[in-house]
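Residue-level listing of the chains:
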Amino acid sequence: MQEFWQFAGSYWWLAFPLAGIGGGWGRSWSKSGERRHQRKIELYKLAHPEVAGLDVSATKAAAMVSAYEEPAPQGYSTADVAKLMADHDAVNRRWLDYELDVGKLIDFPMMSDVREPLTVAFLRAKRDADALRPIAATDVAAKSRWDDYRNAVNAFAVSFDVAEREAHRIKDTSFSDVDRQRLGTAKKLVKIAEDEAASPAERQTAYKRARKELDGLIVLPDVSVAALEKKVARMLGGAQ
């Protein structure tokens, strides 16, 4: 102990630079925490647009975003990557539920409307996540690659959730009464075109009329048209 105090007495001046370093670390940590807090608030606002314009106190904001708080990942494993790939697949399947179902797109036209910012946002997030997806979980050999892919999949999931929630909220309310009637007629015709109990002539006529009713209202993605045409063609072929 005496040696320690002798050392401290001889090098007392080290207290000043060490204090400065400690203070710098503290300020850096505080700013980093503030940035994380702000990102969580923005994430909450994105997922809950009804509160986006409100003046929220710091205490209330902290409580609101607590459900979105995730600990900073310290590492990852092949199992973590495999789970993330499965999560990625799950969001893609939800997207395909719309892309391959014309009737569902008629019910929620915003999901295919590239004029809508929320639709564009989730399509861009999907593109980014798909581009970063590894072929196999073992291909992710660097933490930076893991972080990039993880962030991209999370962004895709959140942006899709927000767009889907909005699409279900507004449905076809952005269309006029006449256009909504056309959408309703198109949906009935699509059901006939996909109905195995209908005659080949009825299915073919219904398909053509449905496309005509949708013209100028909804731009169906190519994959949606291909899926519907394939289904109708299969039924027509089976009836011959």
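One structure accompanies this document, and this report is about it.

### Quick word on the packing of helix H4 (residues 78–99) against helix H7 (residues 143–170)
The geometry of a pair of packed helices is captured by two quantities: the angle between their axes and the separation between those axes. Packing of H4 against H7 leaves a shortest axis separation of 10 Å and a crossing angle of 25°. In terms of axis orientation, H4 runs roughly parallel to H7. Handedness of the crossing formed by H4 with H7: left-handed. In this structure, H4 uses Asp80, Val81, Leu84, Met85, His88, Val91, Asn92, Arg94, Trp95 and Tyr98 to contact H7, whose residues at the interface are Trp146, Tyr149, Arg150, Val153, Phe156, Ala157, Phe160, Asp161, Glu164 and His168. In terms of residue class, the contact of H4 with H7 is built from 12 nonpolar, three polar and five charged.

### Observations regarding a nonpolar patch on the surface
Nonpolar side chains collect at one region of the surface, where Leu96, Leu100 and Val223 lie side by side and expose about 210 Å² of accessible area between them. Of note, Val223 is situated in helix H10 (residues 222–239). Using a relative accessible area of 33% as the deciding quantity, one classes Val223 as partly exposed.

### Thoughts on the environment of Trp95
Along the chain, Trp95 turns up in helix H4. When its relative accessible area of 16% is taken as the criterion, Trp95 is described as buried. Sequence separation of Trp95 and Phe160 is 65 residues, and the distance between their C-alpha atoms is 8.1 Å. Here Trp95 is in contact with Phe122, Leu123, Lys126 and Phe160, once residues within four sequence places are set aside.

### Observations regarding the pattern of salt bridges
This structure, assessed with the given rule, holds 15 salt bridges. The closest approach of N and O atoms between Asp87 and Lys83, which form a salt bridge, is 3.2 Å. Note that Asp87 and Lys83 are positioned in helix H4 at a spacing of four residues, about one turn of the helix. A relative accessible area of 54% places Lys83 in the exposed class. The salt bridge involving Asp147 is made with Lys143; its shortest N-O contact spans 3.0 Å.

### What about helix H8 (residues 177–193)?
Compared with an ideal rise of 1.5 Å per residue, which puts 17 residues at 24 Å, H8 spans 24 Å between its outermost C-alpha atoms and is within 8% of the ideal. Listing the buried residues of H8 in full gives Leu183, Ala186, Leu189, Val190 and Ala193. Along the axis of H8, the buried positions cluster into a sector of 125°, meaning they face one direction only. Relative to its buried face, H8 has exposed residues pointing more than 90 degrees away, namely Asp177, Gln181, Lys188 and Lys191.

Conventions we followed
Residues numbered from 1 in each chain as written. Predicted model: local features only at pLDDT ≥ 70, side-chain atom pairs only at ≥ 80, totals over all residues. Heavy atoms only, no water. Axes fitted to C-alpha atoms, helices over the stretch in contact; angles between N-to-C directions. Helix = DSSP H or I, 4+ residues; strand = E, 2+ residues; numbered from the N terminus. Parallel < 35°, antiparallel > 145°, perpendicular 65-115°, else oblique. Left-handed = near helix turned anticlockwise from the far one by under 90°. Contact = heavy atoms within 4.5 Å. Nonpolar A, V, L, I, M, F, W, Y, C, P; charged D, E, K, R; others polar. Patch = residues over 30% accessible without salt bridge, like charges linked within 9 Å, V, L, I, M, F, W, Y side chains within 5 Å. Areas by Shrake-Rupley, 256 points an atom, 1.4 Å probe, with all protein chains shown as cover. Salt bridge = Lys/Arg side-chain N within 4 Å of Asp/Glu carboxyl O. Buried < 20%, exposed > 50% of the residue type's maximum accessible area, 1.4 Å probe, protein only. Expected span 1.5 Å × (residues − 1). Arc of directions from axis to C-beta.

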